[in-house]
Structure formats: C-alpha cells, structure tokens
Amino acid sequence: MTDSSESKAALRFSFISTAPPDPILGLTEAFLADQRSDKMNLSVGVYKDASGQTPVLECVKEAERRLLENEKTKGYLPIDGSPEYRKAVQRMVFGETVASDRISTLQSPGGTGALRVAASFLTSQMPPLKVWASNPTWANHHAVFESEGLPVESYRYLAADRTTLDFEGMIEDLTTKAQPGDAILLHACCHNPTGVDPSTDQWVSIAKVLSDRGLLPLIDFAYQGFGHGIREDARSIEAILRQNSEAIVCNSFSKNFGLYGERVGAISVVAGDAAAAGAVQSQLKRLVRSNYSNPPRHGGAIVATILGCEDLTAQWESELAAMRDRIKLLREQFVSTMKTTGNGHDFGFLLDQCGMFSFSGLNKMQVDQLKADHGIYIVGSGRINVAGMQESKMSAFCSAVAQVLEG
Ligand code: LMR
C-alpha cells in the first residue's frame, strides 16, 4: 500500500464517533476494570451461587459428557436448527396449548437473536406497524427493534409508587393508543427490569384487549422457571393463546439452563393454520440465511439432550428449582438486612416481585454514588440483579444502599 492510499483509508474511519457503552453489558466491562477487591456486580442478569460463581449446572455437564461420547459431526445445522431442539422448545414453551403444526420454531443465537429475527420478520412480512414496549422495559428492546427500522412506543406499566403494576394505565394505552396491527411486546414472566408481573386474571384481560383490538402479541420469554415454576411461568402465554390465534414468542435458555455464553434461544411464530405456519417458516429461514446463516450447534444440543432424557430432565428441574428458591431467599435476606444493617429502610415490596430483577427505587445519582463510593454496580435505572446477591456480602451491600439513600 502506498502512503497516500494509507492516509485515505485512515481518513475514512477517523470520522467514526465513539458509541456510548451498553447500559447493561458496559457496566460489566467497567466492573472488570475496577481494582477494588470488595466490588460487587449486580448489573447484568446472571445467576450467581453463594461463592459468587455462575455455575455450570450438573445436568449440563452430564449432557456434555454424553454429547462428547456420541457426537458424530460438527457439520452445519439446518437453517432453522436441530429438529429435536425445536420440538423440545415447543413442548416447553407451549405445553399442550397449540397444535405443533401451527407453530413455526427456529433455533436462534440466544433470546436477543430471536428478537432480532422477529424484528426482521415484522419489517419484511407485515404491513407497517409500531412495536409497543412496557415503560420501563429491558434496556436492549428498543435498540433491537429500532435497528430493523421499527418505531417503538411505550405503554404504561409501572405505577407511580415504582413498585407495582399500573394495570389500568396499561390497558388504557393498549386500548386507545396502540393501533390494530401493532405488535405489543410483553414479558411472559419475571418482568425485566422491574420484577413486577400481571396476575393470572390480569393476563386474561390483557389477552382480551389484544384480541379485541387486533394487536399482535410479541412475547419475550427469557426467564421460564425463574418465577413460579416451568409451567406456571407459561400461563401468560397460555392465556394469550386462548384468545389470540397468532403470536410471536422469543425464548431463551440462557438463564434457566445457565447457558448464557452458549447463546441458545428460539423464535416461535404461532399461525392460524398449518399452511400459514409453513410459509412463515420458509420466510424466517430466508431471513436467517442472509444474517447468521444457521445457528450454533452446541448449546442447542445440550438442551435437546437434557429435555430428551428423563433422568437429565428431572435433574435439571431440581437444579432450576434450587436457583429459583435461592433467589426468593435472597430477596427475604435483603429485605430483613435492610431493616437492621440498612437503617430500617423498608424494601418489603421486593417480596411481591419475582425473577432475577427488582427495581430498587434508587435514582441515577444514587446508582452512580454506589459505584463511585462502594464499587457496587447496578443498572442506571436502579435495577438490581437479585440473583447476583451473595449472602456473605449482604450486610455490606445493605449498609451501602442505606448510605446512598441518606445522601
Ligand atoms: C440482562 O438484562 O441483564 C440480561 O438479559 C443480559 C443482557 O443481555 O442484557
């Protein structure tokens, strides 16, 4: 390369401005660079055990041993993923609610990958529409849909007390603001970032509004089994599908199988009949082929192996229940420690919330102070990853929270 062609190439990239760090994963980057030994990372949604590790589940290790012995190839998967995996996803997400020939399921790289495929599907196959997301919602939702050119609006979700659901506001927005054909993004359980979920009766009412208004349910199901149980957490989806014949469900096995970095998820489009589901499948495959071509094998093979063997399924269910129960205990311990070490601050509302996250009510300034003064990282919205708390660090955490609350 000559000097002049080098300088032209340099000029091209010198116009690029630096992007802001990701509101969630960027905090882990900052956390890793933090030299303090008593630092705590309660930002990104990963489960940690009492020693602060994100463990590989025993059922996963056993499935990997079996895979290692029996795996015959590392060849490409089909564009839509492994048939065994896709069947396992459908059983887990939908149970007996919908006939499988009406569901088009594709294995995807994580739940985020599934959402992005859903976004491409909406832009390429539906008439122009808006996506409506709860306010607040997962920090990446807007970016995923906006990246495909979809306008994203917000419907009311959290009440003024910032700890409970504004059910009337939500229904009013879905009824009066969203237009027929718009997609309504819903968190099936363990709402991220608030931990506030509608009740079963409220889901029935939400399902009716979706159906009456001709709105498309677009469901993010990233925490199945972290709320009340595997089937219990799918009741929202069942309620919606009882009254709506079409829906899109994006699910993830990052949390419930602890397979975060393996990127294992799926998109399932429920259609009115088998012919429509077949056409949808063909279009989804086309979108995937021009994006990441076909999904990674390993994580999906682990899930399919576990869900395909009774002994491993039972082991997984008990490991998942242990994580779920421990998160509940951590909530209780946090609330009671705030009463003692945390100067009596009342966080009792955390006990009514479920899943990995809760909204602490801390404002941006207090969140920044927690990081600067105590090396404690939580998301800017005040979201705490309860599943990342540790019993041995609870007192230190609670006294830091009390200090920032008291200014
Ligand atoms: C989170 O919300 O922290 C997780 O879902 C991880 C992520 O990708 O943001």
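To start, this report covers the structure provided alongside it. Note that the structure is predicted; figures quoted are calculated from it, not measured.

## Regarding the overall build of the protein
Then step 1. Across its full length, the protein holds 14 helices and 11 strands.
Then step 2. On the principal axes, the C-alpha backbone points of the protein span a range of 70 × 60 × 50 Å.
Then step 3. For the protein, the proportion of its 407 residues judged to be buried stands at 53%.
Then step 4. Counting contacts in the protein only where the partners sit at least 6 residues apart, residues at least 24 apart contribute 76% of the total.
Then step 5. Looking at the protein as shown, the accessible area adds up to about 18000 Å², and 53% of this sits on carbon and sulfur atoms.
Then step 6. Once the 39 positive and 47 negative side-chain charges of the protein are each reduced to a mean point, those two points are 4 Å apart.

## Thoughts on the sheet that holds strand β2 (residues 103-108)
Then step 1. Sheet architecture is open: seven strands sit in the order β2-β8-β7-β6-β5-β3-β4, paired in mixed fashion. Two strands close off the open sheet at either side, each with one partner strand: β2 and β4 (152-156). Going from strand to strand, the sheet's axes swing by 25° on average, the running direction of each strand aside.
Then step 2. Where strand β3 (residues 131-135) and strand β5 (residues 183-187) come together, two bridges link them in parallel fashion. Across the sheet, the residue bridging to V131 is A183, located in β5.

## So, the pattern of salt bridges
Then step 1. In total, this model carries 17 salt bridges according to the counting rule given.
Then step 2. Through salt bridges with shared partners, a single ionic network connects E62, R65, R66 and D311.

## Quick word on the site of the ligand
Then step 1. Close contacts around the ligand come from I24, V44, G45, W138, N192, Y223, K255, F357 and R383, and that covers them all.
Then step 2. The separation between an oxygen atom of the ligand and a polar side-chain atom of W138 is 3.0 Å.
Then step 3. Between Y223 and the ligand, the recorded distance is 3.5 Å, taken from a side-chain N or O atom to an oxygen atom.
Then step 4. Its free accessible area being 260 Å², the ligand has 82% of it covered by the protein chains.
Then step 5. Using a 2 Å cut-off from the grid points, one finds that the ligand occupies the largest pocket.

## Comments concerning the layout of surface pockets
Then step 1. A volume near 620 Å³ is recorded for the largest pocket.
Then step 2. In this structure, the largest pocket is lined by 30 residues; those nearest its centre are L25, T112, W138, K255 and R263.
Then step 3. For the lining of the largest pocket, the secondary-structure elements that each account for two or more residues are α5 (110-125) and α6 (141-146).
Then step 4. Among the residues making up the lining of the largest pocket, the classes are represented as 15 nonpolar, 10 polar and five charged.
Then step 5. As for the second largest pocket, its lining consists of 21 residues, of which D197, P198, H228, D233 and C354 are closest to the centre.
Then step 6. Elements with a minimum of two residues in the lining of the second largest pocket: α8 (200-213), α9 (235-243) and α12 (310-340).
Then step 7. Considered class by class, the residues forming the lining of the second largest pocket number seven nonpolar, six polar and eight charged.

## Some words on the environment of G81
Then step 1. Relative to the helices and strands, G81 resides in the loop between α3 (58-70) and α4 (83-94).
Then step 2. Here G81 falls in the buried class, since its relative accessible area comes to 0%.
Then step 3. In the structure, G81 is positioned 70 residues away from L11 in sequence and 42 Å away in space, judged by C-alpha atoms.
Then step 4. Those residues in contact with G81 that lie beyond four places of it in its chain are R86, Q107 and P295.

## Quick word on the nonpolar core
Then step 1. Counting 131 residues, the largest nonpolar core has V131, F145, I248, I267 and W316 as its most contacted members.
Then step 2. It is α12 that contributes the most residues to this core, nine residues altogether.
Then step 3. Leaving out residues up to four positions away in the same chain, F145 has contacts with L115, A119, V131, L150, V152, L185 and L218.

## Quick look at the environment of D273
Then step 1. By the element assignment, D273 lies in the loop between β8 (265-270) and α10 (274-289).
Then step 2. A relative accessible area of 42% means that D273 is categorised as partly exposed.
Then step 3. Separated by 28 residues in the primary sequence, D273 and S245 have C-alpha atoms spaced 8.9 Å apart.
Then step 4. Setting aside its immediate chain neighbours within four residues, D273 contacts D101 and R102.

## Some remarks on the state of the cysteines
Then step 1. All told, the structure shown has zero disulfides when counted by the stated rule.
Then step 2. Of all cysteine sulfurs in the structure, the one in C309 sits closest to C59, which takes part in no disulfide; the separation is 11 Å.
Then step 3. Take C59: its relative accessible area is 0%, and that puts it in the buried class.

Each value, and the rule that gives it
- All residue numbers refer to positions counted from 1 along the written sequence of the respective chain.
- In keeping with the model being predicted, local features are shown solely for residues with a pLDDT of at least 70 and side-chain atom pairs are shown and tallied solely at 80 or more, while totals for entire chains, interfaces and linings include all residues.
- Water and hydrogen atoms play no part in the side-chain values, which are based on all heavy atoms of the structure.
- Runs of E in the DSSP output that reach at least two residues are strands. Runs of H or I that reach at least four are helices, and both are numbered from the N terminus.
- Accessibility here uses a 1.4 Å probe with only protein chains present; expressed as a share of the type maximum, an area under 20% marks a residue as buried, one over 50% as exposed, and anything in between as partly exposed.
- Contacts are residue-level and defined by heavy atoms, with any inter-residue pair within 4.5 Å sufficient.
- Accessible surface area values rest on a Shrake-Rupley calculation with a 1.4 Å probe, where residue burial reflects the displayed protein chains alone.
- Counted as positive: Lys and Arg. Counted as negative: Asp and Glu, with His and the chain ends omitted from the count.
- A single reference atom marks each charge: NZ on Lys, CZ on Arg, CG on Asp, CD on Glu.
- Strand pairing follows a simple DSSP-based rule, namely that at least 2 bridges must link the two strands.
- For helices, the fitted axis covers only the stretch in contact; all axes are lines through C-alpha atoms, and the angles between them, taken along N-to-C directions, range from 0 to 180 degrees.
- A pairing counts as a salt bridge when a side-chain nitrogen of Lys or Arg comes within 4 Å of a carboxyl oxygen of Asp or Glu.
- Think of it this way: one heavy atom of a residue within 4 Å of a molecule or strand is enough to make that residue near it.
- We call two N or O atoms a polar contact when they sit within 3.5 Å, provided that within protein one can donate a hydrogen and the other can accept it, with sequence-adjacent residues counted only if both atoms are side-chain atoms.
- Here a cavity denotes grid points, spaced 1 Å and computed from the protein atoms alone, that fit a 1.4 Å probe unable to get out, and a pocket denotes an open set having protein on both sides within 12 Å along at least 5 of 7 lines; residues with an atom within 4 Å of a point are the lining.
- Whether a molecule sits in a cavity or pocket is decided by its atoms, more than half of which must lie within 2 Å of the grid points.
- Grid points are joined across faces, edges and corners, and a volume is the space filled by probe spheres set on the points.
- Amino acid classes used here: Ala, Val, Leu, Ile, Met, Phe, Trp, Tyr, Cys and Pro are nonpolar; Asp, Glu, Lys and Arg are charged; the rest, including Gly, are polar.
- Take the buried residues of types Ala, Val, Leu, Ile, Met, Phe, Trp, Tyr and Cys, join any two whose side-chain atoms come within 4.5 Å, and each joined set is a nonpolar core.
- Disulfide assignment relies on a single distance test, namely cysteine sulfur atoms paired within 2.5 Å.

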